[in-house]
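Here is how the chains run, residue by residue.
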Amino acid sequence: MRWIDRTIIVTTGRKVELIDITDDVLRIAKESDLKVADITLFSPHTTTALIINENEKGLVEDIEDAIKSFVYSQGAYRHDLIDDNAASHIAGSLLGSCLNLIFKEKDIFLGSWQRIFLVELDGPRSRKVMVRMSGE
């Protein structure tokens, strides 16, 4: 068993934003000399998330709007007295910061329309996504 660790740097432009990182993950996977691997993606930020969904413009905007209406419109949060970003932390907790993928024969197993997104919840900022491949 071998491990390959890489980092994807993402610069975000809005408070809430979905950024497709599928091609970055695929590039890292294909550049490896592994034939079969598990891929773990991890965002080391409490105000981001990682999700898999379809990259259709209207749907991406719907997801961004849903996050804003569900979490950001709930009123005052206690943490806002310290940092004014409680909603970002709450959304990140609900969405999650880690994904696991399967890699075989130079490809990542995703459904026909599935793409990998970093979800910015407190932007704009510079963000990291850690990529660990473990396999042979």
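Look up a bit, the structure's there.
Residues numbered from 1 in each chain as written. Predicted model: local features only at pLDDT ≥ 70, side-chain atom pairs only at ≥ 80, totals over all residues. Heavy atoms only, no water.

Engineer: I'm lost on the pattern of salt bridges in this one. Help?
Structural biologist: Any two side chains of opposite charge can pair, on the condition that their charged atoms come close. For the coordinates displayed, the defined rule picks out 13 salt bridges. Across the salt bridge formed by Asp 24 and Arg 27, the nearest N and O atoms sit 3.9 Å from each other. Here Arg 27 and Asp 24 lie together in helix H1 (residues 22-31), a separation of three residues that amounts to about one turn. A salt bridge links Lys 68 to Asp 65; the nearest nitrogen and oxygen atoms lie 3.9 Å apart. Of the two residues, Lys 68 and Asp 65 are both situated in helix H2 (residues 57-72); the distance of three residues between them amounts to about one turn of the helix. (Salt bridge = Lys/Arg side-chain N within 4 Å of Asp/Glu carboxyl O. Helix = DSSP H or I, 4+ residues; strand = E, 2+ residues; numbered from the N terminus.)

Engineer: Looking at this structure, how should I read the sheet that holds strand E4 (residues 48-54)?
Structural biologist: Hydrogen bonds along the backbone pair up the strands of a sheet, which may run parallel or antiparallel. Reading across the sheet, the three strands line up as E2-E7-E4 and stay open at both edges, with antiparallel pairing between neighbours. Each edge of the open sheet is held by one strand with a lone partner, namely strand E2 (17-20) and E4. Between one strand axis and the next, the sheet turns by 35° as a mean value, whatever way the strands run. Pairing of E2 with strand E7 (residues 114-120), which is carried by four bridges, proceeds in the antiparallel orientation. When the bridges of E7 are listed, Leu 18 appears paired with Val 119. (Pairing = 2+ DSSP bridges. Axes fitted to C-alpha atoms, helices over the stretch in contact; angles between N-to-C directions.)

Engineer: Where do I start with the packing of H2 against helix H3 (residues 86-95) in this structure?
Structural biologist: The angle between the axes and the distance between the axes are what describe a pair of packed helices. The contact between H2 and H3 brings their axes to 10 Å, and the two run at 115°. The two elements H2 and H3 meet at a crossing, and its hand is right-handed. Two secondary-structure elements touch here, H2 through Ile 67, Phe 70, Val 71 and Tyr 72 and H3 through Ala 87, Ser 88, Ile 90, Ala 91, Leu 94 and Leu 95. Here the residues of the contact of H2 with H3 are counted per class, giving nine nonpolar, one polar and no charged. (Left-handed = near helix turned anticlockwise from the far one by under 90°. Contact = heavy atoms within 4.5 Å. Nonpolar A, V, L, I, M, F, W, Y, C, P; charged D, E, K, R; others polar.)

Engineer: What exactly am I supposed to notice about H3 here?
Structural biologist: It helps to recall that an α-helix has 3.6 residues per turn; residues three or four apart then point in one direction. Buried residues of H3: Ala 86, Ala 87, Ser 88, Ala 91 and Gly 92, and no others. Packed against the buried residues of H3 are E4 and H2. (Buried < 20%, exposed > 50% of the residue type's maximum accessible area, 1.4 Å probe, protein only.)

Engineer: Explain the nonpolar core to me, please; I cannot follow it from the model alone.
Structural biologist: Note that soluble globular proteins tend to have their nonpolar side chains buried in a common cluster. Counting residues in each nonpolar core, the largest one holds 23 residues, and the members touching the most others are Ile 21, Val 25, Ile 39, Leu 41, Ile 108 and Met 133. Secondary structure elements with two or more residues in this core: strand E1 (2-11), H1, strand E3 (36-42), strand E5 (98-104), E7 and strand E8 (126-135). Ranked by residues supplied to this core, first place goes to H1 with four residues. Sequence-distant contacts of Ile 21, defined by excluding residues within four places in its chain, comprise Val 10, Leu 50, Ile 116, Phe 117, Leu 118 and Val 129. (Core = buried A, V, L, I, M, F, W, Y, C linked by side-chain atoms within 4.5 Å.)

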